[in-house]
Structures are given as C-alpha cells and as structure tokens.
Amino acid sequence: MYRARLPRETGRTDRGAILSPELDALADRVRRLLPSHRDPERFHVERDAIERALRRLARKGS
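Residues numbered from 1 in each chain as written. Predicted model: local features only at pLDDT ≥ 70, side-chain atom pairs only at ≥ 80, totals over all residues. Heavy atoms only, no water.

A. Broad picture of the environment of Glu22. Mapped onto the fold, Glu22 is located in helix H2 (residues 21–32). Taking the C-alpha atoms as reference, Glu22 lies 9.0 Å from Ala53; in sequence the two are 31 residues apart. Here Glu22 is in contact with Arg56, Leu57 and Lys60, once residues within four sequence places are set aside. (Helix = DSSP H or I, 4+ residues; strand = E, 2+ residues; numbered from the N terminus. Contact = heavy atoms within 4.5 Å.)

B. Spatial organisation of the packing of H2 against helix H3 (residues 40–61). Two elements in contact, H2 and H3, have axes whose closest approach is 11 Å; the angle formed by their N-to-C orientations is 155 degrees. With respect to their mutual orientation, H2 and H3 come out roughly antiparallel. The way H2 lies across H3 gives a crossing that is left-handed. Where H2 abuts H3, its residues Glu22, Leu23, Leu26, Arg29 and Val30 lie against Glu46, Ala49, Ile50, Ala53, Leu54, Arg56, Leu57 and Lys60. (Axes fitted to C-alpha atoms, helices over the stretch in contact; angles between N-to-C directions. Parallel < 35°, antiparallel > 145°, perpendicular 65-115°, else oblique. Left-handed = near helix turned anticlockwise from the far one by under 90°.)

C. Structural view of H3. In this model, H3 (22 residues) spans 32 Å end to end at C-alpha, consistent with the 32 Å of a helix rising 1.5 Å per residue. Of the residues making up H3, those classed as buried are Phe43, Ile50, Ala53 and Leu57. On an axial view of H3, the arc spanned by its buried residues comes to 100 degrees, and they lie on one face. Residues Glu41, Arg52, Arg55 and Arg59 are exposed on H3 and point more than 90 degrees away from its buried face. For H3, the secondary structure elements touched by its buried residues are H2. (Expected span 1.5 Å × (residues − 1). Buried < 20%, exposed > 50% of the residue type's maximum accessible area, 1.4 Å probe, protein only. Arc of directions from axis to C-beta.)

D. Local environment of the side chain of Ser36. Position of Ser36 relative to the elements: it lies in the loop between H2 and H3. Among the residues examined, Ser36 registers a relative accessible area of 17% and is labelled buried. Looking at Ser36, its side chain comes within polar contact range of the main-chain nitrogen of Arg38, at 3.1 Å. A polar atom in the side chain of Ser36 sits 3.4 Å from the backbone nitrogen of Asp39. (Polar contact = N/O pair within 3.5 Å; in protein donor to acceptor, adjacent residues only side chain to side chain.)

From the geometry alone we can't say anything about function, so treat these as descriptive.
The following block contains the structure:
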C-alpha cells in the first residue's frame, strides 16, 4: 500500500519564535508517528512518551 507523504512545513523560523524547541521537537515526533504492522507496540510506546512529555510541559507552564 502506497501512502502519500505530506509536504514538510516551511517557515520554521516563524514557528520557532512562537514554540519552544521542546514543543517543536514533540510536533515533529507527532508528525512522524505512524502505526507499523511490523512493530505495533512501538506506536503505542512512542504515543505514550509524547503524551507524558506534553503533560510535563503543561505542568511546567502552569
């Protein structure tokens, strides 16, 4: 099955001025997150790690 790739966002300098580097890295990880039939558990492990990082940032920012 062929999956079309979406074009990468341009203008990272504008986005970088708004988002912290950690949030930008998390956004990249979310963009690359895809389920895999070869290693289905990896998707869930990575998703949970991203969730924990976002919750930690939310607590730090509050």
